[in-house]
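Overview (structure and organization)
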Amino acid sequence: MGRPVKFDKEKALDAAMDLFWEHGFEAATISDLSDAMGITRSSFYNSFESREKLFEDVLNHYSNAAPDNFLNFIKPGDPVLPAIKKLFDDISTVRTGAPTARGCLLINCLGELSDSTKELSLVRIKFDAKLKRFEELLEQAKQQHELPKDFDSGTAARELLTFLVGINMTSKVIRDEETLSNLSHSFLKTHGLLAQPTSLET
């Protein structure tokens, strides 16, 4: 009996991610995914179990490299408002610097997946985590006197998440980094969240 075929799982996930990103979950068949990842169908099932489980792995893989992932590593005492400004500046850079205007994988999935499916539930979990993290950071900013004591962190967190969705979608039609960055700065300034440049941006 021959040995199992070995392959680079990270590269395979990158290939699957690109396919989901380009065609969506529903249109990506197991044959398409296996071909893109350079593995056989048997290796696909042995390694990833199912298309649905692969999609979950891809979402985690994508989230770990997404522009907002660094927010998870902000510690108590670290400045919050400069980090939020950096997030939207990074999004402007990453989205307009991509060779194709494909936006954010997670946000694209919101528009593609049917309601009440497991896959949409996985996406919602990711967005719930983003919302929770925004609220935690804004509460931290209040404690660190970056924001007023009466600042409504819950409402502002939802506004940030809504704008995050919007700017990623906008990046698919507005391909100019400076324009997107200016839109972000205007939003943050209007909501009292715009910080002055710091070492985070260098």
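Just so you know, these numbers come straight off a predicted model, no measurement behind them.

Details of the packing of aromatic side chains
Scanning all chains against the criterion turns up eight aromatic pairs. Considering the side-chain rings of Phe 25 and Phe 55, the 4.9 Å spacing of their centres and the 55° angle between planes classify their relative orientation as tilted. Note that Phe 25 is positioned in the loop between α1 (9-23) and α2 (30-37) and Phe 55 in helix α4 (residues 51-65), a separation of 30 residues in sequence. Judged by its relative accessible area of 2%, Phe 25 is buried. By relative accessible area, Phe 55 is classed as buried at 0%. Aromatic pair Phe 163 and Phe 187: ring centres 4.1 Å apart, planes at 5°, arrangement stacked. Here the residue Phe 163 occupies a position in helix α8 (residues 153-170), and Phe 187 occupies one in helix α9 (residues 177-190), the gap between them amounting to 24 residues. Here the two residues Phe 163 and Phe 187 agree in accessibility, since each one is buried.

Focus on helix α5 (residues 81-97)
A rise of 1.5 Å per residue sets the reference length of α5, with its 17 residues, at 24 Å; its end C-alpha atoms lie 24 Å apart and thus fit the reference within 8%. Along α5, 13 of the 17 residues are buried, which leaves the element largely enclosed by surrounding structure.

Remarks on the state of the cysteines
This structure, assessed with the given rule, holds zero disulfides. With no disulfide of its own, Cys 104 has Cys 109 as its nearest cysteine by sulfur position, at a separation of 8.3 Å. On the basis of relative accessibility, which here comes to 4%, the residue Cys 109 falls in the buried class.

Here is what the cut-offs are and how they apply
Residues numbered from 1 in each chain as written. Predicted model: local features only at pLDDT ≥ 70, side-chain atom pairs only at ≥ 80, totals over all residues. Heavy atoms only, no water. Phe/Tyr/Trp six-rings, centres within 6.5 Å; stacked < 30°, edge-to-face > 60°. Helix = DSSP H or I, 4+ residues; strand = E, 2+ residues; numbered from the N terminus. Buried < 20%, exposed > 50% of the residue type's maximum accessible area, 1.4 Å probe, protein only. Expected span 1.5 Å × (residues − 1). Disulfide = S-S within 2.5 Å.

Note that all results are geometric; they support no functional claim without further evidence.
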